[in-house]
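Topology and contacts: notes
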Amino acid sequence: MSSPQAPEDDQGGGDPPGGLRSVLVTSVLSLEPLDEDLFRGRHYWIPTTKRLFGGQIMGQALVAAAKSVSEDVQVHSLHCYFVGAGDPKVPVLYQVERTRTGASFSVRSVKAVQHGRPIFICQASFQQAQPSPIQHQFSMPTVPPPEELLDYETLIDQYLRDPNLQEKYRVGLNRIAAQDVPIEIKLVNPPTLNQLQNMVPKQMFWVRARGHIGEGDMKMHCCVAAYISDYAFLGTALLPHHWKHKVHFMVSLDHSMWFHAPFRADHWMLYECESPWAGECGATWDKGTWGGREPVFLGHAVPHLHPMRHCTGHFLFCPTRFWHPCHQNDKVRLEDGTCA
């Protein structure tokens, strides 16, 4: 996988100011090759849980997989399982297996290993670009543009200045404010203090990578989007419940993504998160991303989470959507006519 080119393209259409190279490309998702299909990844940001950030592992694993395919194929989908807690004190080894290389579709399996044991496994599907006469997509939600919204830091500061803010919210907001993450976030329709205890499990963000990535290799933008996809959605399923129950931290159990059309992860994308179900031992999410100023469906992801509370857990389902262009998910391999 080649690296995106230096910032020579125009700065319009959503480019971040300053043209500084995104740390997501230069550091976070930069892997050290050790052998053929074997790479080592290091850590940039460690969450307050003192475990590795799942988005970092997904992004690095997709980088490793992308290095084993030809330049002319693009990422189609990513299916991940988190099978162990990551140790932030040691690097992660990524072992790539070339499961299938076809004329139109290729599959790579990646295992992330620490202390001789897997902490994460995934399969990534790559495809040749193929025009399709069959095209459709959902309508992009009508929301204010990012220029009209407060950034995350300003919004949090605004909340913290309110003397009526409850202490439990103040502690959590201070913790978020102290995090140094390579992502810009603007919350759509942020709740007032009076609304915090009466919220539905749905929220939307404008998101983009900090710094400049440029046109370059589309696969790198998919790797950055994988990193971003695991960050802000976690609390969506808890919005109706967090004022009733104390959750110490949440972990992802599995996470799937589909990439529907070309996009730039350093341009503003609308990130739509919704949790249609929570119960038993976890929750699910539906999330999607809409691209830039055009109502184009970029991709979507479905993670499955496990919030930790007093040594017991509940599953939360939260599918999400990234708004950028979309293709059909049901594919047929051209070389043999079988399902993808």
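A brief look at the structure comes next. Here the structure is a predicted model, which means the values were calculated and not measured.

1. Thoughts on the overall build of the protein chain
Counting secondary structure elements, the protein chain contains 5 helices and 14 strands. The proportion of buried residues among the 340 residues of the protein chain is 51%. For the protein chain, long-range pairs separated by at least 24 residues make up 75% of all intrachain contacts whose partners lie at least 6 apart in sequence. Accessible surface computed for the protein chain: about 15,900 Å², of which carbon and sulfur atoms make up 53%.

2. A few points about the side chain of Q56
Relative to the helices and strands, Q56 resides in helix α2 (residues 54-66). A polar contact of 3.0 Å, which involves the side chain of Q56, links it to the side chain of H43. The contacts of Q56, once residues within four sequence positions are left out, are V28, L29, R42, H43, Y44, W45, Y94 and Y227.

3. Digging into the packing of aromatic side chains
Aromatic ring pairs are reported here in terms of the distance separating the ring centres and the angle at which the planes meet. Tallied over the entire structure, the rule returns 3 aromatic pairs. Plain terms: the ring middles of F53 and Y227 are 4.9 Å apart, the flat faces sit at 80° to each other, and that makes the pair edge-to-face. Here the residue F53 occupies a position in the loop between β2 (38-41) and α2, and Y227 occupies one in helix α5 (residues 218-229), the gap between them amounting to 174 residues. Taken individually, F53 and Y227 each receive the classification buried, so the pair is uniform in this respect.

4. Regarding helix α3 (residues 152-160)
Every buried residue belonging to α3 is among Y152, L155, I156, Y159 and L160, and all of these are buried. An end-on view of α3 places all buried positions within 135° of arc, on one side of the element. Here α3 starts with a cap whose side-chain oxygen sits 3.2 Å from the backbone nitrogen of E153, and that cap is D151.

5. What to know about the pattern of salt bridges
According to the stated counting rule, one finds 10 salt bridges in the structure shown. In this structure, the salt-bridge partner of R42 is E32, at a minimum N-O distance of 4.0 Å. Remark: E32 occurs in strand β1 (residues 32-35) and R42 occurs in the loop between β2 and α2; sequence separation between them is 10 residues. Relative accessible area serves as the criterion here: at 33%, E32 is assigned to the partly exposed category. K219 is paired through a salt bridge with D217; the nearest N and O atoms lie 3.7 Å apart. A residue is classified by how much of its surface remains accessible, and K219, at 0% relative accessible area, is buried. One salt-bridge network, in which partners are shared between bridges, spans E32, R40 and R42.

6. Regarding the environment of D266
You can see D266 is positioned in the loop between β9 (249-259) and β10 (269-291). Among the residues examined, D266 registers a relative accessible area of 0% and is labelled buried. Residues D266 and V224, 42 residues apart in the sequence, show an inter-C-alpha distance of 8.7 Å. A distance of 2.7 Å separates a polar side-chain atom of D266 from the backbone nitrogen of I213. Within the local environment of D266, its side chain forms a polar contact with the backbone nitrogen of G214, the two atoms lying 3.0 Å apart.

7. Points about the packing of α2 against α5
Where α2 contacts α5, the axes come no closer than 7 Å and their chain directions differ by 160°. Between α2 and α5, the angle is such that the two are roughly antiparallel. When you trace α2 past α5, the crossing you get is right-handed. Every residue of α5 that contacts α2 at G55, Q56, M58, G59, L62, V63 and A66 is listed here: K219, C222, C223, A226, Y227 and S229.

8. Section: the state of the cysteines
One pass over the full model with this rule turns up 0 disulfides. This cysteine, C80, is not joined by any disulfide, and C122 carries the nearest cysteine sulfur, 4.8 Å off. Unpaired in terms of disulfides, C223 finds its nearest cysteine sulfur in C222, a separation of 6.9 Å.

9. Points about the environment of V110
Position of V110 among the secondary structure elements: in strand β5 (residues 105-114). Setting aside residues up to four positions removed in sequence, V110 forms contacts with A61, A65, Y94, Q95, V96, F120, I121 and C122.

10. Details of the pairing of β2
Burial of the side chains of β2 is restricted to one face: F39 and G41 are buried, whereas none of L38 and R40 on the reverse face is. Bridge analysis of β2 against strand β4 (residues 92-101) gives 4 bridges, and the strand direction is antiparallel. Counted as the bridge partner of G41 is V92 from β4.

The rules we used
- Residues numbered from 1 in each chain as written.
- Predicted model: local features only at pLDDT ≥ 70, side-chain atom pairs only at ≥ 80, totals over all residues.
- Heavy atoms only, no water.
- Helix = DSSP H or I, 4+ residues; strand = E, 2+ residues; numbered from the N terminus.
- Buried < 20%, exposed > 50% of the residue type's maximum accessible area, 1.4 Å probe, protein only.
- Contact = heavy atoms within 4.5 Å.
- Areas by Shrake-Rupley, 256 points an atom, 1.4 Å probe, with all protein chains shown as cover.
- Polar contact = N/O pair within 3.5 Å; in protein donor to acceptor, adjacent residues only side chain to side chain.
- Phe/Tyr/Trp six-rings, centres within 6.5 Å; stacked < 30°, edge-to-face > 60°.
- Arc of directions from axis to C-beta.
- Salt bridge = Lys/Arg side-chain N within 4 Å of Asp/Glu carboxyl O.
- Axes fitted to C-alpha atoms, helices over the stretch in contact; angles between N-to-C directions.
- Parallel < 35°, antiparallel > 145°, perpendicular 65-115°, else oblique.
- Left-handed = near helix turned anticlockwise from the far one by under 90°.
- Disulfide = S-S within 2.5 Å.
- Pairing = 2+ DSSP bridges.

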